[in-house]
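Residues per chain are reported as follows:
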Amino acid sequence: MPETILFYLFASVALISALYVIFSKEPTYAVLSLVVTMFSLAALYVMLHAYFIAMIQILIYAGAILVLFLFILMLLGTEGILPSDQARLGRGWCFFGVLLVSIFTAELAMVFQSTQNLKDWPSEILGTVENIGRSIFSEHLLAFELISLILLIGIIGVVNLAHKKEADNA
Amino acid sequence: MLSLISRSAETGLIIVVVALFAARLTLPRLKSGVVSKLVITVFALLFLLNMTLWGSKTLLLQDAFRLDHFALFFKGFFLLAGIFIFMIAGHFQDTLAKRIYEFYSLFTLATLGACFLVSANNFLVLFLSIELITFSLYVLTTYWRTQITSIEAGTKYLVVGAFSSAMMLFGISFIYGTTQTINFHDCRSAFTVLSAQPSFTLLHLGLILVLAGIGFKISAFPFQLWAPDVYQGAPTPVTAFLAVVSKSAGFAALMRLVLLATGGWNAVWILMLALIAAATLLYGNLGAIPQLGGNMKRFLAFSGIGHAGYLLMAMICQNAQGYQALIYYLVVYAIATLTIFLGIVLTDPSQSDMKHNMSDFQGLLARSPMLGFSFFVAILSLAGVPPMAGFFGKFLVIQAVIEKGMWLLALIGAVTIAISLYYYLNVIKLIYADQPNDTSSIKIGFGYQLTFICLNLSLIFLGVFQAPLLHLIAKTI
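Source: prediction; values computed, not measured. (Residues numbered from 1 in each chain as written. Chains lettered and ligands numbered in written order. Predicted model: local features only at pLDDT ≥ 70, side-chain atom pairs only at ≥ 80, totals over all residues. Heavy atoms only, no water.)

Let us look at the overall build of chain B. Helix and strand content of chain B: 21 helices and two strands. The C-alpha radius of gyration computed for chain B amounts to 21 Å, which stays within 12% of the reference 23 Å derived for 477 residues, consistent with globular compactness. Taken over the C-alpha atoms alone, chain B extends approximately 65 × 55 × 45 Å along its principal axes. Counting every position in chain B, which comprises 477 residues, the buried fraction comes to 63%. Contacts spanning at least 24 positions in sequence make up 80% of the contacts within chain B whose residues lie at least 6 apart. On chain B, roughly 16,800 Å² of surface is accessible, and the fraction owed to carbon and sulfur atoms is 71%. Averaging the coordinates of the 25 positive side-chain charges in chain B and doing the same for the 15 negative ones gives two points 4 Å apart. (Helix = DSSP H or I, 4+ residues; strand = E, 2+ residues; numbered from the N terminus. Rg over C-alpha atoms; globule rule 2.2 N^0.38 Å. Buried < 20%, exposed > 50% of the residue type's maximum accessible area, 1.4 Å probe, protein only. Contact = heavy atoms within 4.5 Å. Areas by Shrake-Rupley, 256 points an atom, 1.4 Å probe, with all protein chains shown as cover. Lys, Arg positive; Asp, Glu negative; His and termini not counted. Charge placed at Lys NZ, Arg CZ, Asp CG, Glu CD.)

Rendered as structure tokens:
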């Protein structure tokens, strides 16, 4: 019972703050309210016993990505990006939005219809850091190493495309 | 197990990447031409090392890595293709100067991704190795960073590539959600249970999304729009990589998925794929005609989409005959395409990699008989004119489709071959009969001449004596 109350509490906080992100006129408030959304999602993950994902959610999303958003807002200023009445979206975009919404609704309906595997709560030990670490470094070792190679490409790419000094090709 | 891993192509390729960085840091006086030759030699050695594994059939690294004839054949294929792509890149060694190290290491990493892809035995490794290829290509397509076309190509490839990866990952999440496993073998049993039921399940949705993700890589019909712009704007060696290695890796992944993870398709799937194949054939071959007189690389993008259509036709047969035809076609297509890209690069001695308009190739035979003849052989092979190898590839594909009883698809294939003859012969007329704008003769180095002779001879040899290659391919399936 307390689990259910907590679930509705965090879920409603997540929904309300997410709505505030969309409807807020002030970009800084929108970003800060997105932080709240991320935190309440992390709480929901904890309730699913996915402790590791909850931690990563706070570290990566709330910690890194949203701080990056705030930095961009700080550097660019918020004057130019305030929504004005002239910047209304055209009819084509509205149609596109309706299309997306209907696709997602259909998808949700499909997911909720096939609940055969969703009834049980996941076991308590599945989402611990220890178990995930074990699984990454034994069962999914190859995948883990491949990800490190992909990150290496990212580093090479950034250095190469942003490095000005040797811009000697055509 | 350790001896298998140490001899596998992947280990060698990682060592090449490390060695390239070490060389850049410690040997500043090394000339870029020497680097280029060294990398080509190492790739040739890796090819031989890979062939010593021939015959091994095992699962490694917690069943994530599959080593068998199919994987070894394709690894050898990618390494050989890599050698020719490095030769194409070697033409730009002076322009690249110090940036050649990163250029080569990114190509090596992309080849590494392709090698992992054909050895993947679960969806996670499959996805990550496709990402390894595309991430390298995002950087490589933008490599001429002062040219606006290259930046445009890189941006377009990034947006489309990221979108297709997201779709694929989304699909994999559905497959994992319904089957509770990412392993190909375990998925297969779930698929056989579910494909007996007529209803549409989340598993089917997942499979459609994964197929769409691969469809981008092989530039099949609804996902082909990126190809012309990216082929045109990317540096020519990168275009060659996209057209040969990236495309064949996509088809290899598709074959692996069908053979290992799904165990075949039912009639609805075949109908859907047949429609995609027919649309790809028509789009590629009809779209190539307006490109005559335009940009050569853009023209090749359309012809490449057409070839993806023939390969899909072979894919649909779902029997040993179809897969044999597919692999044979891929090999022949790769040889002809690499010949053409090497020729394109050598026709422009300025190393700027900017022009490549059709008019630059006018009267090429008079300017350089070797280049003119190589284009002649390669284009005839792509068009499917006997006795070139391309004819036999198309013959095998159409034969496999007809024996499967899909007459309409075979008819569309035959009609598009006739259409393709029109535009391919137009290019040959351009090279042979038209007067050149610039009459200066083109000099080709001895190494490149030897390469052209090898490529041309292999196209003619494979067209006349198909049996050795077909025997080899029969072992891989």
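Right, picking up where we left off after that structure.
Further remarks concern the interface of chain A and chain B. At the junction of the two partners, chain A supplies 26 residues and chain B supplies 42 residues. Remark: the boundary between chain A and chain B carries zero salt bridges. At the level of secondary structure, the elements contributing two or more residues to the side of chain A that touches chain B comprise helix H4 (91-113), helix H5 (129-139) and helix H6 (141-162) of chain A. The element that contributes the greatest number of residues to the side of chain A that touches chain B is H6 of chain A, accounting for 13 residues. Looking at the side of chain A that touches chain B residue by residue, the classes come out as 14 nonpolar, eight polar and four charged. (Salt bridge = Lys/Arg side-chain N within 4 Å of Asp/Glu carboxyl O. Nonpolar A, V, L, I, M, F, W, Y, C, P; charged D, E, K, R; others polar.)

Before going further, it helps to spend a moment on the side chain of Thr 262 of chain B. Residue and element names in this part refer to chain B. Looking at the secondary structure, you find Thr 262 in helix H12 (residues 236-262). Thr 262 gets classed as buried once you look at its relative accessible area, which sits at 5%. Reaching out from Thr 262, the side chain makes a polar contact with the backbone oxygen of Val 258 at a distance of 3.4 Å. What Thr 262 contacts, discounting residues up to four positions off in sequence, is Arg 188, Phe 191, Leu 207 and Leu 257. (Polar contact = N/O pair within 3.5 Å; in protein donor to acceptor, adjacent residues only side chain to side chain.)

On to the pattern of salt bridges. Residues and elements named next belong to chain B. Enumeration according to the criterion identifies nine salt bridges over all chains in this entry. For Arg 66, the salt bridge goes to Asp 68, with nearest N and O atoms at 3.4 Å. Judged by its relative accessible area of 7%, Asp 68 is buried. Here Glu 152 and Lys 156 are joined by a salt bridge, their closest N and O atoms 2.7 Å apart. Highlighted residues: Glu 152 and Lys 156, both in helix H8 (residues 148-179), separated by four residues, approximately one helical turn. For Glu 152, a relative accessible area of 36% puts it in the partly exposed group.

This next bit is on the packing of aromatic side chains. All names here are of chain B. Following the criterion strictly, the structure yields 37 aromatic pairs over all chains and no others. For the pair Phe 103 and Phe 107, a centre-to-centre distance of 5.0 Å together with 80 degrees between the ring planes defines the contact as edge-to-face. Linking Phe 103 with Phe 107, this pair stays in helix H6 (residues 100-119), spanning four residues, or about one helical turn. Each member of the pair, Phe 103 together with Phe 107, is buried. For the ring pair Phe 123 and Phe 184, a centre distance of 5.1 Å and an interplane angle of 85 degrees mean the geometry is edge-to-face. (Phe/Tyr/Trp six-rings, centres within 6.5 Å; stacked < 30°, edge-to-face > 60°.)

Okay, the domain arrangement of chain A next. Per the domain assignment, the segments of chain A are domain 1 (1-81), domain 2 (89-116) and domain 3 (128-165). Taking only C-alpha atoms, the centre of domain 1 of chain A and the centre of domain 3 of chain A are 26 Å apart. (Domains from an automatic or database assignment.)

Residue and element names in this part refer to chain B. Empty space within the second largest pocket amounts to approximately 500 Å³. Along the wall of the second largest pocket there are 21 residues; nearest its centre are Phe 77, Leu 80, Val 331, Ile 335 and Leu 469. At the level of elements, helix H3 (32-51), helix H4 (69-90), helix H15 (320-347), helix H20 (446-464) and helix H21 (467-476) are the ones that each hand at least two residues to the lining of the second largest pocket. The biggest single contributor to the lining of the second largest pocket is H4, with six residues. (1 Å grid on protein atoms, 1.4 Å probe; cavity = no way out; pocket = protein on both sides within 12 Å on 5 of 7 lines; lining within 4 Å. Points joined across faces, edges and corners; volume = space filled by probe spheres on them.)

Let us look at the packing of H6 of chain A against H6 of chain B. Packing of H6 of chain A against H6 of chain B leaves a shortest axis separation of 11 Å and a crossing angle of 155 degrees. Between H6 of chain A and H6 of chain B, the angle falls in the class roughly antiparallel. In this structure, H6 of chain A crosses over H6 of chain B, and the sense of that crossing is left-handed. Where H6 of chain A abuts H6 of chain B, its residues Leu 142, Leu 146, Leu 149, Leu 152, Ile 153, Ile 156 and Asn 160 of chain A lie against Glu 102, Ser 105, Leu 106, Leu 109, Leu 112 and Phe 116 of chain B. (Axes fitted to C-alpha atoms, helices over the stretch in contact; angles between N-to-C directions. Parallel < 35°, antiparallel > 145°, perpendicular 65-115°, else oblique. Left-handed = near helix turned anticlockwise from the far one by under 90°.)

Take helix H2 (residues 27-47) of chain A next. Residues and elements named next belong to chain A. Compared with the 30 Å implied by 1.5 Å per residue over 21 residues, the 31 Å span of H2 between its first and last C-alpha is a close match. Among the residues of H2, Pro 27, Ala 30, Val 31, Ser 33, Val 35, Thr 37, Met 38, Ser 40, Ala 42, Ala 43, Leu 44 and Met 47 are the ones counted as buried. Buried residues along H2 sit against helix H1 (2-23) and helix H3 (51-76). Following H2 by one or two positions, His 49 has its phi on the positive side, about 65 degrees. (Expected span 1.5 Å × (residues − 1).)

Turning our attention to the confidence of the model for chain B. Keep in mind that low pLDDT regions are not for reading the predicted coordinates in detail. Here chain B averages 89 in pLDDT, and 99% of its residues register 70 or above. In the predicted assembly, ipTM is 0.88 and pTM is 0.87. (pLDDT = per-residue confidence, 0-100.)

Before going further, it helps to examine the environment of Leu 20 of chain B. Turning to its location among the elements, Leu 20 of chain B is positioned in helix H2 (residues 9-26). The class of Leu 20 of chain B is buried, set by a relative accessible area of 5%.

The description of two packed helices rests on the angle between their axes and on the distance between the axes. Residues and elements named next belong to chain A. Taken N-terminus to C-terminus, the directions of H2 and H3 make an angle of 175 degrees; their axes are 8 Å apart at the nearest point. Comparing their axes, H3 and H2 come out roughly antiparallel. Residues Pro 27, Thr 28, Val 31, Leu 32, Leu 34, Val 35, Met 38, Phe 39, Leu 41, Ala 42, Tyr 45 and Val 46 of H2 pack against Tyr 51, Ile 53, Ala 54, Gln 57, Ile 58, Tyr 61, Ala 62, Leu 66, Phe 69, Leu 70 and Leu 73 of H3. Its residues assigned to classes, the contact of H2 with H3 shows 21 nonpolar, two polar and no charged.

Residue and element names in this part refer to chain A. When you line up the elements, Val 129 lands in helix H5. Val 129 gets classed as partly exposed once you look at its relative accessible area, which sits at 42%. Excluding anything up to four places from it in sequence, Val 129 contacts Phe 52 and Met 55.

Okay, the nonpolar core next. Of all hydrophobic cores here, the largest spans 202 residues; its most connected members are Phe 74, Phe 123 and Tyr 328 of chain B. When residues in this core are grouped by element, the largest group, 20 residues, is from H15 of chain B. If near-sequence neighbours (up to four positions away) are discounted, Tyr 328 of chain B is found in contact with Ala 389, Phe 392, Gly 393, Leu 396, Leu 462, Gly 463, Gln 466, Leu 469, Leu 470 and Ile 473 of chain B. The next biggest cluster of nonpolar side chains, apart from the first, holds six residues, and it includes Val 31, Met 38, Ala 62 and Leu 66 of chain A. (Core = buried A, V, L, I, M, F, W, Y, C linked by side-chain atoms within 4.5 Å.)

Another point: the UniProt feature "transmembrane region" (unreviewed entry) in chain A. Residue and element names in this part refer to chain A. In the numbering adopted here, UniProt assigns the feature "transmembrane region" (unreviewed entry) to residues 6-23, 30-52, 58-77, 89-112 and 141-162. Taken as a whole, residues 30-52 contains 87% helix and 0% strand, while its terminal C-alpha atoms sit 27 Å from one another. Between the first and last C-alpha atoms of residues 141-162 the distance is 32 Å; the span itself is 100% helix and 0% strand. (UniProt positions renumbered as here; feature names shortened; annotations may be inferred.)

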